[in-house]
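One-letter residues, chain by chain:
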Amino acid sequence: MIHQEKPTIFSGVQPSGNLHLGNYLGAISRWANLQDKNQCIFCVVDYHAITIKQDPLELKKNIIETAKIYLASGIDPKKSIIFQQSQVSEHTELAWILNCVSARMSDLNKMTQYKDKAEGNENVSVGLFDYPVLMASDILLYNTDLVPTGEDQKQHVELSRTLAKRFNSQYKELFRIPEPLIERSGARIMGLDDAFKKMSKSAKSEFNYIGLLDSPEQARKKIMKAVTDTGSEIKYDKENKPAISNLLTIYSLLSKKTIKELEVDYKGRGYGDFKKDLAEVVINFLSDFQKRYNKISDKEVVSVLLKGKKKAKNIAEKKLSEVKKSLGVL
Ligand code: ATP
Ligand code: LTN
């Protein structure tokens, strides 16, 4: 019988604090289900986080917190590799190589995340501009087949494909071409204070997001204050009712009720009733999540990251050495 290799999955989240429901519903919550049929690698991408100024003590705390959130979301270190990006130096080494031989200024100039974050300000780090090349290195080092993320990362995964193809055709067929894996529902959770912008941990107001570690009071207050649309009907209509459609998506994903069922449940009832119930659903989810989170010690996380580092390094070293050989530097 031919032994078929399991597909490889790679994804990561920046340890930049305030992980929120968008990160959970769009990315992390999907990862646990992928672990049985795939070889999964989940990374805490700390070198991506430093593209924007970070306080060293906060960053250290956020690295542990992010890995703990992976574990509390059901990522099992016996099945998956969990590690910290900066601990495997091959990522930055490959990023430099790709910068020189594959990536073009014209590719990076097209990246919308950079434009959104820089907001026309030239006084931002070169790292922020180069961020997608480091992300491509993360993905390409591990022969990744699928990259599960939220909708906002699609363009970056597509760039990884372009860089891999360019390298393969110029040097040697060394990189597997990855595919984005984006779910239809929850891939773009919108801000609670602005239904036209995605929920984001770097949002200016904390009323933009529900943090995974928010208290019940904070969560309730944020849901009750969330913006709504004109009219009073609870109906999914992304074009004309973006705010209620977003709240319905969150409600549906956390309660496992379909949007259609929710529309029937709330027929003839107002936004106030709907928000009160949604707040309860969110609080119940947070309470279960935080119970699991609080059971995990920092020591356990450090040990998981150390074991993960060894496994990741083993794979990354081999790939980088092939790349160096083909370049003529080894
Ligand atoms: P920031 O907005 O500060 O850049 P972020 O909230 O986008 O941060 P990331 O670490 O960049 O967080 O993203 C981690 C994962 O969460 C990625 O897969 C990303 O696509 C996903 N994600 C982020 N925000 C959302 C959202 N609002 N809805 C769905 N998925 C999201
Ligand atoms: N850029 C991603 C985080 C990230 C990532 C990756 C995601 C860095 N490297 C590799 C998937 C695969 C973001 O979510 N902002």
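Residues numbered from 1 in each chain as written. Chains lettered and ligands numbered in written order. Predicted model: local features only at pLDDT ≥ 70, side-chain atom pairs only at ≥ 80, totals over all residues. Heavy atoms only, no water.

As a further point, take the overall build of the protein. Summing up its helical and strand segments, the protein has 13 helices and five strands in all. The C-alpha radius of gyration of the protein comes to 21 Å, within 12% of the 20 Å expected for a compact globule of 330 residues. By its C-alpha atoms, the protein is 70 × 50 × 45 Å across when sized along the principal axes. The proportion of buried residues among the 330 residues of the protein is 50%. Of the contacts made within the protein by residues no fewer than 6 positions apart, 76% connect residues no fewer than 24 positions apart. When the accessible area of the protein is evaluated, it comes to approximately 16800 Å², of which 51% is carbon and sulfur surface. Averaging the positions of the 52 positive and the 42 negative side-chain charges in the protein gives two centres separated by 3 Å. (Helix = DSSP H or I, 4+ residues; strand = E, 2+ residues; numbered from the N terminus. Rg over C-alpha atoms; globule rule 2.2 N^0.38 Å. Buried < 20%, exposed > 50% of the residue type's maximum accessible area, 1.4 Å probe, protein only. Contact = heavy atoms within 4.5 Å. Areas by Shrake-Rupley, 256 points an atom, 1.4 Å probe, with all protein chains shown as cover. Lys, Arg positive; Asp, Glu negative; His and termini not counted. Charge placed at Lys NZ, Arg CZ, Asp CG, Glu CD.)

The next point concerns the pattern of salt bridges. Within the structure shown, the criterion is met by 18 salt bridges. With a shortest N-O distance of 3.2 Å, Asp36 and Lys79 are connected by a salt bridge. On the criterion of sequence distance, the pair formed by Asp36 in the loop between helix 1 (21-34) and strand 2 (39-44) and Lys79 in the loop between helix 3 (56-72) and strand 3 (81-84) is long-range, its members being 43 residues apart. In this structure, Glu58 engages Lys61 in a salt bridge whose closest nitrogen and oxygen atoms are separated by 3.9 Å. Separated by three residues within a single helix, Glu58 and Lys61 lie in helix 3, roughly one turn from each other. Overall, the relative accessible area of 43% leaves Lys61 in the partly exposed class. A single network of salt bridges, built from pairs that share partners, joins Glu5, Asp145 and Arg176. (Salt bridge = Lys/Arg side-chain N within 4 Å of Asp/Glu carboxyl O.)

The residue Arg166 is located in helix 8 (residues 154-170) in this model. Assessed through its relative accessible area of 24%, Arg166 is described here as partly exposed. When the C-alpha positions of Arg166 and Ala103 are compared, they lie 8.7 Å apart, and in sequence the two are 63 residues distant. Setting aside anything within four residues of it in sequence, one finds Arg166 in contact with Ser102, Ala103, Arg104 and Asp107.

All right, on to the pairing of strand 2 then. Counting buried positions over the six residues of strand 2 gives five, a clear majority of the element. Relative to strand 2, strand 1 (residues 8-13) is paired through six bridges, and the arrangement is parallel. The residue of strand 2 that forms the bridge with Gly12 is Cys43. As for the winding sense of the linkage, the β-α-β connection from strand 1 through helix 1 to strand 2 is right-handed. Inspection of the sheet shows strand 2 paired to strand 3 by four bridges, in the parallel sense. Residue pairing across strands places Val44 opposite Gln84, the latter belonging to strand 3. (Pairing = 2+ DSSP bridges. Right-handed = clockwise from strand over helix to strand, strands pointing away.)

Moving on, we get to the site of ligand 1. Contacts to ligand 1 come from 21 residues, most closely from Lys117, Asp152, Lys198, Ser200 and Lys201. Side-chain polar atom of His20 to an oxygen atom of ligand 1: 2.8 Å apart, as the coordinates give it. In this structure, Ser202 approaches ligand 1 through a side-chain N or O atom, which is 2.7 Å from an oxygen atom. Protein chains bury 97% of the 600 Å² of accessible surface belonging to ligand 1 in isolation. Ranked by the residues each element gives to the shell around ligand 1, the list is headed by helix 1, at four residues. A breakdown of the residues in the shell around ligand 1 according to their chemical character gives five nonpolar, eleven polar and five charged. (Near = heavy atom within 4 Å. Polar contact = N/O pair within 3.5 Å; in protein donor to acceptor, adjacent residues only side chain to side chain. Nonpolar A, V, L, I, M, F, W, Y, C, P; charged D, E, K, R; others polar.)

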